[in-house]
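Spelled out, the chains give:
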Amino acid sequence: MRRRRKKIFFFILTLFFIFFLLALFYFLKFKEITIEPEEFSLYFLNYFQNKSFFEVVLNLKKIMLDFKEIIKIEIQPNFLTQKLKIKIEMAKIVAQICDFQRCYFLDNYSRIISPKILTTNNFLKIQSELKLEENSLLNPKITNFLSLLFEYSNWKPLILKEIKIYSNFDLGVFDDKNREFLFDLNRDFEEQIKKLHLFLSKDFQGSRIDLRIPKKIYYR
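In what follows, the accompanying structure is described.

Conventions adopted
Residues numbered from 1 in each chain as written. Predicted model: local features only at pLDDT ≥ 70, side-chain atom pairs only at ≥ 80, totals over all residues. Heavy atoms only, no water. Axes fitted to C-alpha atoms, helices over the stretch in contact; angles between N-to-C directions. Helix = DSSP H or I, 4+ residues; strand = E, 2+ residues; numbered from the N terminus. Parallel < 35°, antiparallel > 145°, perpendicular 65-115°, else oblique. Left-handed = near helix turned anticlockwise from the far one by under 90°. Contact = heavy atoms within 4.5 Å. Nonpolar A, V, L, I, M, F, W, Y, C, P; charged D, E, K, R; others polar. Pairing = 2+ DSSP bridges.

**Looking at the packing of helix α4 (residues 140-155) against helix α5 (residues 189-201)**
For the pair α4 and α5, the least separation of the axes is 11 Å and the interaxial angle reads 30 degrees. With respect to each other, α4 and α5 are oriented roughly parallel. Taken as a pair, α4 and α5 cross one another with a handedness that is right-handed. Here Lys 141, Asn 144, Phe 145, Leu 148, Leu 149, Tyr 152 and Trp 155 of α4 come into contact with α5, specifically with Phe 189, Glu 190, Ile 193, Leu 196, His 197 and Leu 200. Tallied by class, residues from the contact of α4 with α5 come to 9 nonpolar, 2 polar and 2 charged.

Right under this line is the structure:
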């Protein structure tokens with residue numbers, strides 16, 4: 001009899017605890033909300049202000065759908081003090097990329113997106129003769145080549161002005177002197193970058209420099 005009463009007591013206690021958690025989840029609203037980085041509060045505070053934890057969780061998915069530039073959102077609720085801390089991680093926009101119909105932006109995860117938050121308008125321009133798809137990934141060969149090119153330009157430095165992706169999958173890189181360097185994305189990237197370095201080191205003069213042919217540099 002005593003054992004049965006004990007089981008009933010624990011059952012009631014468990015139900016009370018579940019109802020208490022549900023009440024917190026559905027009804028408790030946070031009095032203080034902190035968003036990091038702070039400059040993003042303007043964009044996201046309305047998603048969390050005067051919202052229950054249940055509503056906050058629902059809005060997280062909405063934010064990720066509305067703002068493609070967000071990589072991760074971390075929430076730290078404190079139910080005792082009714083405080084909510086939110087950390088937002090954004091992708092870095094590295095270039096504006098356009099095809100013959102529309103312009104998008106390229107982030108550091110190689111995603112082609114249309115971000116809602118842009119902290120600057122000074123982006124490298126990439127013009128593509130190949131059709132682009134929003135919310136897709138840039139071709140891996142282009143991504144790998146650009147990674148190598150950016151690494152070299154930071155070391156040299158080579159000031160990049162514009163990049164053009166041709167329909168035959170060649171790539172033209174324009175510098176601040178309006179010189180175009182031609183690369184073949186189906187050939188050895190490193191060899192072509194080395195020829196680029198040789199051309200710049202020797203201070204050769206030319207407006208269109210073809211680095212696509214193995215062991216040769218053509219320019220005019």
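**Some points on the sheet that holds strand β1 (residues 32-36)**
If you walk across this open sheet you meet the 3 strands as β1-β3-β2, and the pairing is mixed. Edge positions in the sheet fall to β1 and β2 (70-78), since each of these pairs with one other strand and no more. Put simply, the sheet's adjacent strands are angled 15 degrees from each other on average, direction ignored. Pairing between β1 and strand β3 (residues 83-90): 5 bridges, direction parallel. Among the inter-strand pairings, Glu 32 is bridged to a residue of β3, identified as Lys 83. Helix α2 (residues 41-48) rests against β1, β2 and β3 of the sheet, and its axis sits at about 140 degrees to β1. Against the sheet, helix α3 (residues 53-66) engages β2 and β3, with an angle of about 170 degrees to β2.

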